[in-house]
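# Structure at a glance
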Amino acid sequence: MTEALTISGLEQKTGVSRSTIHFYIREGLLPQPQKTAATRALYGDAHVKLLRRIVKMKQAGRSLPEIRTALAKELAKARENSVDLAGRESERIRSAILRVATQEFMTKGYKRTHVASIIRKLGITPQVFYSQFPSKRKLLVESFNTFIKWNLAFFEPKLMKSADLGERLLWRVFAHAKANEFGSEVMSLVRSEETGEADLAQSVERAWEGVIRLIVDDFESVRPAGAAPPPVSFELLAYSMIGALHNTVFRASWDDKHDRADILRLHLWTWLALLAAISGEVDIDSRLARYEELVQEMAAREPQAPPVPQE
């Protein structure tokens, strides 16, 4: 991938001073850099290669006209095949911010993570940071998405080696424990505050899509071939599993009555019950059908609030 360099970076990479670089550009021995601001420009791999060629030919005693002639084809190619260095640099900076921010949020939480600290660690300006992430909340959501991707890439190849869905579930719950903590904090923040950023909750939910897809695939794997379409959405069922886990962990945090083994045992019990229902070992569908009329009646009504007690 083409590296975007500032004039300082190009100096360090080639050992050629900036005054000499600017001279070669004026003389037509190097292509023009890509301007990103009045006082900032970016240089690419072509500048590095051409500069190194120029240095060698200068050391060999070649004149500037001779060097210009020798490099004519390479110069023309470099100008024709120009890369969006500004875009590449923007992507690099964004990725660097997300990498540092994700680590900060995971270890410190939202409140104790400070944008100023992230900026300082990366050595960038506040203007550069806010051009990528206009708010700390948006950075949090993107960091959560990044962490989910890290988690899936690291753990899933190992988990998929097991064909036992119960064993796989337990390891998946263990693997995603940090993601669940992270996700709970993110959703709590997004839903409890008037942020003026309505897309944040949807962004968090999109971050879970990779995990949801894995759960849905496991559900599909035990559904008998040729079976009628399930009466419930496997996607909603997967979200209900995650929601149940979050609420179970929340309850366990109140006191010492329940430990981690209780949480894992309960989640596995629920999982095995769902798999049994989907595979046909337990006939839930026919029981569910008895309630369809009531389900439809309730679905058509607006939820009611109880009357306010009289004083």
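Residues numbered from 1 in each chain as written. Predicted model: local features only at pLDDT ≥ 70, side-chain atom pairs only at ≥ 80, totals over all residues. Heavy atoms only, no water.

Let us look at the overall build of the chain. For the chain, the helix and strand inventory stands at 17 helices and 2 strands. For a compact globule of 311 residues, the expected C-alpha radius of gyration is about 19 Å, and the chain comes in at 29 Å, more than 25% above that figure. Of the accessible surface of the chain, which amounts to about 19,600 Å², a share of 55% is contributed by carbon and sulfur atoms. Looking at the chain, you have 44 positive and 39 negative side-chain charges, and the mean spots of the two groups are 13 Å apart. (Helix = DSSP H or I, 4+ residues; strand = E, 2+ residues; numbered from the N terminus. Rg over C-alpha atoms; globule rule 2.2 N^0.38 Å. Areas by Shrake-Rupley, 256 points an atom, 1.4 Å probe, with all protein chains shown as cover. Lys, Arg positive; Asp, Glu negative; His and termini not counted. Charge placed at Lys NZ, Arg CZ, Asp CG, Glu CD.)

This next bit is on the layout of surface pockets. Estimated volume of the largest pocket: approximately 850 Å³. As for the largest pocket, its lining consists of 27 residues, and the residues nearest its centre are Asn180, Ser184, Leu245, His246 and Val249. When residues of the lining of the largest pocket are traced back to their parent elements, those giving at least two are helix H10 (165–175), helix H11 (177–192), helix H12 (199–207), helix H14 (234–252) and helix H15 (260–279). For the lining of the largest pocket, the element with the highest residue contribution is H14, accounting for 9 residues. When the residues that make up the lining of the largest pocket are grouped by side-chain class, the tally is 14 nonpolar, 7 polar and 6 charged. (1 Å grid on protein atoms, 1.4 Å probe; cavity = no way out; pocket = protein on both sides within 12 Å on 5 of 7 lines; lining within 4 Å. Points joined across faces, edges and corners; volume = space filled by probe spheres on them. Nonpolar A, V, L, I, M, F, W, Y, C, P; charged D, E, K, R; others polar.)

One pass over the full model with this rule turns up 1 cavity of 30 Å³ or more. Empty space within the largest cavity amounts to approximately 160 Å³. Lining of the largest cavity is provided by 14 residues; of these, Val173, Val211, Ile215, Ile242 and His267 occupy positions nearest its centre. Mapped onto the lining of the largest cavity, the elements with two or more residues apiece are H10, helix H13 (209–222), H14 and H15.

Another point: the confidence of the model for the chain. For the chain, the mean per-residue pLDDT works out to 88, and 96% of the residues sit at or above 70. Within the chain, the element-level pLDDT minimum falls on H12, averaging 75, and the maximum on helix H7 (residues 115–122), averaging 96. (pLDDT = per-residue confidence, 0-100.)

Assignment of secondary structure puts Tyr24 in helix H2 (residues 18–26). With 164 residues separating them along the chain, Tyr24 and Ser188 place their C-alpha atoms 57 Å apart. With residues near it in sequence (within four places) discarded, Tyr24 still touches Leu29, Leu30, Leu51, Ile54, Lys58 and Leu64. (Contact = heavy atoms within 4.5 Å.)

Let us look at a nonpolar patch on the surface. On the surface, Val232, Val282, Ile284 and Leu288 cluster together into a nonpolar patch covering about 260 Å² of accessible area. Structurally, the position occupied by Val282 is in the loop between H15 and helix H16 (285–289). (Patch = residues over 30% accessible without salt bridge, like charges linked within 9 Å, V, L, I, M, F, W, Y side chains within 5 Å. Salt bridge = Lys/Arg side-chain N within 4 Å of Asp/Glu carboxyl O.)

As a further point, take the packing of helix H1 (residues 7–14) against H2. It is at 10 Å that the axes of H1 and H2 come closest, and there the two elements cross at 100°. When the interaxial angle is binned, H1 and H2 end up roughly perpendicular. Across from Ile7, Ser8, Leu10 and Glu11 in H1, the residues of H2 making contact are Arg18, Ile21 and His22. For the contact of H1 with H2, the per-class residue count stands at 3 nonpolar, 2 polar and 2 charged. (Axes fitted to C-alpha atoms, helices over the stretch in contact; angles between N-to-C directions. Parallel < 35°, antiparallel > 145°, perpendicular 65-115°, else oblique.)

A word on the packing of aromatic side chains. Note on aromatic pairs: each is described by the distance of the centres and the angle between the planes. For the coordinates displayed, the defined rule picks out 12 aromatic pairs. Consider the rings of Phe147 and Phe182, whose centres lie 6.0 Å apart with planes at 55°: the pair is tilted. Residue Phe147 is located in helix H9 (residues 136–159), and its partner Phe182 is located in helix H11; the two are separated by 35 residues in the primary sequence. Judged by relative accessible area, Phe182 falls into the buried class, the value being 3%. Ring pairing ties together the aromatic residues Phe144, Phe147, Phe182 and Trp208, which thus form one cluster. Sitting above the plane of the Tyr110 ring, Lys136 keeps its charged end 4.3 Å from the centroid. (Phe/Tyr/Trp six-rings, centres within 6.5 Å; stacked < 30°, edge-to-face > 60°. Buried < 20%, exposed > 50% of the residue type's maximum accessible area, 1.4 Å probe, protein only. Lys NZ or Arg CZ within 6 Å of the ring centre and 35° of its normal.)

With 51 residues, the main nonpolar core has Leu139, Trp208 and Phe219 as its most contacted residues. With sequence-adjacent residues up to four places away left out, Leu139 is seen in contact with Ile97, Leu98, Ala101, Phe105, Ile118, Phe129 and Phe133. Residues Tyr24, Ile25, Met57 and Leu64 belong to the second largest nonpolar core, which totals 21 residues. (Core = buried A, V, L, I, M, F, W, Y, C linked by side-chain atoms within 4.5 Å.)

Within the structure shown, the criterion is met by 16 salt bridges. Ionic pairing is found between Glu104 and Lys121, a salt bridge with its closest N-O pair at 2.5 Å. With Glu104 in helix H6 (residues 85–108) and Lys121 in helix H7, this pair connects stretches of sequence that are 17 residues apart. Relative accessible area serves as the criterion here: at 53%, Lys121 is assigned to the exposed category.

This part takes up the packing of H13 against H15. Across the interface, H13 lies against H15 with an axial gap of 8 Å and an inter-helix angle of 45°. Between H13 and H15, the crossing angle belongs to the class labelled oblique. In this structure, the crossing between H13 and H15 has a hand that is right-handed. Contacts from Ile215, Asp218, Phe219 and Val222 of H13 reach H15 at Trp271, Leu274, Leu275, Ile278 and Ser279. Here the contact of H13 with H15 is composed, by residue class, of 7 nonpolar, 1 polar and 1 charged. (Left-handed = near helix turned anticlockwise from the far one by under 90°.)

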